[in-house]
Amino acid sequence: MSAFDPQGPAVSLGNSASIFPRWLAKEWSDRGIPSTIVTSTTESSEPQEGVSLLSSQGFESLSTKIVRKLSNPLLRRLERKLPQWQLKRYFRRTGRQQPDFWEWYWVDHFWDSFSRAKAALSLRPRFVFAHEASSYGLSAALCHGVPRIIFPWGGDVFNCVESSVVIDWMTTYALKNVDLIIPSSVVAAQHIRERFHLSEKKVQALSWGVDLEEFSRASSENRVRLCRELAIDPSSILILNCRRFRPHWGSSKALEAFLKVAHRTVGTHFLLLTGSGTEELVQQAKRQVASCGMGSRFTFLEGNIPLSRCAEMMSIADVFVSLVGRGDMRSGSVTQATACGGAPVILESAEYREMEKQGFACEFVQPGDGESLVATLQRLAADENQRQFMRTQNQHYLREHENYDKQMARMLDLIAEASHGYTLSRVK
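Residues numbered from 1 in each chain as written. Predicted model: local features only at pLDDT ≥ 70, side-chain atom pairs only at ≥ 80, totals over all residues. Heavy atoms only, no water.

S.K.: How do you make sense of the sheet that holds strand β12 (residues 363–365) when you look at a structure like this?
M.R.: By definition, the strands of a sheet pair up through backbone hydrogen bonds, in either a parallel or an antiparallel sense. Spatial ordering of the open sheet is given by β9-β8-β7-β10-β11-β12, a layout of 6 strands whose pairing is parallel. Edge positions in the open sheet fall to β9 (298–302) and β12, since each of these has one partner strand only. Across the sheet, the mean angle from the axis of one strand to that of its neighbour is 20 degrees, orientation sign disregarded. Here strand β11 (residues 343–347) pairs with β12 via 3 bridges, running parallel. From the neighbouring strand, Ile346 faces β12, where its bridge partner is Phe364. Sheet contacts for helix α13 (residues 332–339): β10 (319–322) and β11; angle to β10, the most-contacted strand, approximately 170 degrees. (Pairing = 2+ DSSP bridges. Helix = DSSP H or I, 4+ residues; strand = E, 2+ residues; numbered from the N terminus. Axes fitted to C-alpha atoms, helices over the stretch in contact; angles between N-to-C directions. Contact = heavy atoms within 4.5 Å.)

Spelled out as structure tokens, the structure:
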């Protein structure tokens with residue numbers, strides 16, 4: 001029996017606790033396409049209306065379990081050693097001194113790829129869609145006989161592949177053996193074509209856009225209500241870090257700058273999104289803030305808060321920062337916070353420069369220039385006219401270039417084109 005069914009579910013391969021697989025699966029479900037997320041575990045994954053979860057753990061063959069158990073001690077040592085052997089290459093290609101631990105982690109992803117693919121194919125999907133190329137891309141490539149799509153996240157194709165020859169091989173194999181690759185960034189699309197020698201047709205840049213109804217500026221009444229819920233003076237100028245609270249996403253730079261702005265200004269308050277897996281880092285940050293006597297002026301939104309709650313926090317921010325740097329895509333967090341009316345402050349990035357050419361209004365800061373970041377935040381906090389100008393210009397930009405419905409429809413059109421030629425008679 002063929003694995004492919006044009007009426008089957010859209011199968012996402014990814015971390016079911018992560019916002020992006022859940023968000024996109026829910027979007028497809030709302031558009032009438034049954035959706036399932038296949039993951040290595042469904043622990044800590046809250047149920048989501050219209051989206052089912054399938055753990056791949058029960059699909060691992062006995063032979064794979066045996067080989068995995070016998071070889072893992074050696075592979076774990078190799079996993080840790082490879083990045084140290086490739087530090088010069090990593091620095092030459094990324095400009096970073098050494099990779100973060102998550103960049104060179106591959107052993108579990110390699111073994112899990114086989115059971116994930118088996119689980120996905122058991123559903124007879126209309127297509128499989130892998131989130132993050134170095135972690136779940138191989139799983140998609142192994143789903144023979146069905147349309148296969150990869151959504152790179154940025155760090156996977158810019159950084160992870162340079163940290164380990166094994167990850168380089170896994171990612172390259174995955175990208176070459178799927179039907180469609182759709183990064184959300186035009187700069188990333190060009191990088192992927194050149195770095196992995198892929199055709200323009202196969203790699204299509206596609207921003208997800210932003211829902212301007214869900215993400216919009218809070219009314220005066222809602223701002224007061226939300227501020228009081230968080231014990232914040234509603235008259236404060238609110239500055240938000242819109243990315244997860246991890247060092248490789250700029251959390252330490254944001255916190256350092258926020259503390260300096262807090263010391264130098266009055267009437268400012270700071271909001272920080274965190275995300276799951278950041279608990280220890282957040283506790284350290286809270287202790288640092290408290291030691292500076294600034295505990296009452298910082299609010300940490302802990303864990304994976306619902307998207308609706310995230311939208312509420314963005315809707316009251318007057319200024320926001322995104323300090324990710326190399327590997328950053330056209331982030332949904334950035335477009336969402338922009339739609340909510342915050343003045344964007346972005347770490348220098350070719351992708352956001354491309355957006356600027358189309359009318360995106362933001363302030364750029366250079367890597368390593370902490371004082372410039374602080375000065376920019378202070379200036380925007382004090383200048384309501386500039387914030388309003390940027391807000392108005394960005395609404396024009398978003399309506400013209402980031403229409404959510406059009407972008408989601410375009411995604412399904414691209415998937416349909418990539419699915420052309422697959423038939424029910426095609427075998428696995």
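S.K.: What should I look at first to understand the packing of aromatic side chains in this one?
M.R.: Overall, the coordinates contain 18 aromatic pairs when judged by the stated rule. For the ring pair Tyr352 and Phe360, a centre distance of 6.5 Å and an interplane angle of 40 degrees mean the geometry is tilted. The pair formed by Tyr352 and Phe360 is uniform in burial state, with each residue classed as buried. The structure contains a cluster of three or more aromatic residues connected by ring pairs, namely Phe20, Trp23, Trp28, Phe127, Phe129, Phe151, Trp153, Trp208 and Tyr404. (Phe/Tyr/Trp six-rings, centres within 6.5 Å; stacked < 30°, edge-to-face > 60°. Buried < 20%, exposed > 50% of the residue type's maximum accessible area, 1.4 Å probe, protein only.)

S.K.: Sorry if this is basic, but what is going on with helix α12 (residues 307–316) here?
M.R.: Across the 10 residues of α12, 7 count as buried, placing the element largely inside the fold. Looking at α12, one finds that the buried residues are Leu307, Cys310, Ala311, Met313, Met314, Ser315 and Ile316. Close packing links the buried residues of α12 with α1 (19–30), α9 (220–229), β7 (237–241), β8 (268–275), β9 and α13.

S.K.: In this structure, what is going on with the nonpolar core? I would like to understand it.
M.R.: The tendency in soluble globular proteins is for nonpolar side chains to be buried side by side. Counting residues in hydrophobic clusters, the biggest one holds 44 residues, and the most contacted among them are Leu13, Trp106, Val128, Ile150, Leu175 and Ile192. Of all the secondary-structure elements, those providing two or more residues to this core are β1 (10–13), α2 (62–85), α4 (107–122), β4 (127–131), α5 (133–141), α6 (155–163), α7 (165–176) and α8 (186–196). Among the elements that take part in this core, α4 stands out by supplying 6 residues, more than any other. If we skip the residues at most four places from it in the chain, Val128 touches Val11, Leu13, Ala120, Ala140, Cys143, Val146, Pro147, Arg148 and Ile149. (Core = buried A, V, L, I, M, F, W, Y, C linked by side-chain atoms within 4.5 Å.)

S.K.: Please clarify how the pairing of β8 should be interpreted in this entry.
M.R.: Looking along a regular strand, one sees side chains alternate from face to face of the sheet. Burial analysis of β8 places 8 of its 8 residues in the buried class, the great majority of the element. Residue alternation in β8 divides its side chains into two sets, Thr268, Phe270, Leu272 and Thr274 and His269, Leu271, Leu273 and Gly275, and both sets are buried. Examined bridge by bridge, β7 and β8 share 5 bridges and lie parallel to one another. The partner of Ile239 across the bridge, within β8, is Phe270. The parallel pair β7 and β8, bridged by helix α10 (residues 251–264), forms a crossover whose chirality is right-handed. Where β8 meets β9, 5 bridges bridge the pair, whose relative direction is parallel. Bridge assignment links Gly275 to a residue of β9, and that residue is Glu302. Remark: the β8/helix α11 (residues 279–291)/β9 crossover connection has right-handed handedness. (Right-handed = clockwise from strand over helix to strand, strands pointing away.)

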